[in-house]
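This is what each chain is made of:
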Amino acid sequence: MSLTPPAERIWWNEPIEAVELFWVAIALVWALVMFFMMPYWHIYGKQNLSSEAYRTTPEMYTKKVQAMVDQYTIRKETTRDMPVVAPPAGADIYMLGRLWEWYPALELEKGQSYRLHLSSVDWQHGFSLQPENINLQVIPGYEMVIKITPNKSGEYSVICNEYCGIGHHQMIGKIYVK
Ligand SMILES: [Cu+2]
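Note that the structure is predicted; figures quoted are calculated from it, not measured.

Colleague: Explain the packing of aromatic side chains to me, please; I cannot follow it from the model alone.
Modeller: Describing an aromatic ring pair means giving the distance of the ring centres and the angle of the ring planes. Taken as a whole, this structure holds five aromatic pairs when the rule is applied. Plain terms: the ring middles of Phe22 and Trp23 are 5.9 Å apart, the flat faces sit at 65 degrees to each other, and that makes the pair edge-to-face. Cation over ring: Arg75 sits above Tyr176, and NZ or CZ is 5.4 Å from the ring centre. One residue, Arg98, lies across the ring of Tyr103, its end atom 4.5 Å from the ring centre.

Colleague: Please clarify how a negative patch on the surface should be interpreted in this entry.
Modeller: On the surface, a cluster of negative charge is contributed by Glu8, Glu14, Glu17 and Glu20. Inspection of the secondary structure assignment puts Glu8 in the segment before helix H1 (18-44).

Colleague: Just to check I follow, could you spell out the coordination of the copper ion for this structure?
Modeller: Perfect tetrahedral coordination of a metal by four donors corresponds to 109.5 degrees between them, and perfect octahedral coordination by six donors corresponds to 90 or 180 degrees. Protein coordination of the copper ion is provided by Cys160 (SG), Glu162 (O), Cys164 (SG) and His168 (ND1), with donor distances spanning 1.9 to 2.5 Å. In this structure, the copper ion is coordinated by four donor atoms arranged in irregular fashion, with angles at the metal of 85 to 122 degrees. Sequence spacing of the donor residues for the copper ion, all on one chain, is C-x1-E-x1-C-x3-H.

The rules behind each value
- Residues numbered from 1 in each chain as written.
- Predicted model: local features only at pLDDT ≥ 70, side-chain atom pairs only at ≥ 80, totals over all residues.
- Heavy atoms only, no water.
- Phe/Tyr/Trp six-rings, centres within 6.5 Å; stacked < 30°, edge-to-face > 60°.
- Lys NZ or Arg CZ within 6 Å of the ring centre and 35° of its normal.
- Patch = residues over 30% accessible without salt bridge, like charges linked within 9 Å, V, L, I, M, F, W, Y side chains within 5 Å.
- Areas by Shrake-Rupley, 256 points an atom, 1.4 Å probe, with all protein chains shown as cover.
- Salt bridge = Lys/Arg side-chain N within 4 Å of Asp/Glu carboxyl O.
- Lys, Arg positive; Asp, Glu negative; His and termini not counted.
- Charge placed at Lys NZ, Arg CZ, Asp CG, Glu CD.
- Helix = DSSP H or I, 4+ residues; strand = E, 2+ residues; numbered from the N terminus.
- Donors = N, O, S within 2.8 Å, 3.2 Å for Na, K, Ca; no water.
- Tetrahedral: all angles 85-135°; square planar, octahedral: opposite > 155°, others 65-115°.

This is the structure in structure tokens:
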């Protein structure tokens, strides 16, 4: 039992059992497989995009989001008066995650590229773009930037795929592509 010291005090000088070495080797090989799967999946899986990340604070980030909302809101929708924002093509666009919404809704043009900034102002959230299955972690204090070029028009949903509390299942954002 591990509560009492082993009878043979200098136990680490004993040779390693062959079966133990065998399991260490299996664990090592599997660790290497998983390690190399990370870059492989990034390149071929097409779910985890290349991103830039910058330090920010909830206050700084909220200010940038609000500046875009104030300038480019074209309508409001749902009972929550969620602004739908249509920034100019090629612009830096912002979305923030918070308990429990993605703010604001965005309206983008098909075939145009945007720099999408993401951050959270409270908790860790998961940005999951449906039905495309693009997934990113959204973490307070960090501003992630991904380059996106919508290639299909339609209505996309952003769901939170990182459990964040009682309203998690209602945390659904919108991106419209025209
Ligand atoms: Cu969540």
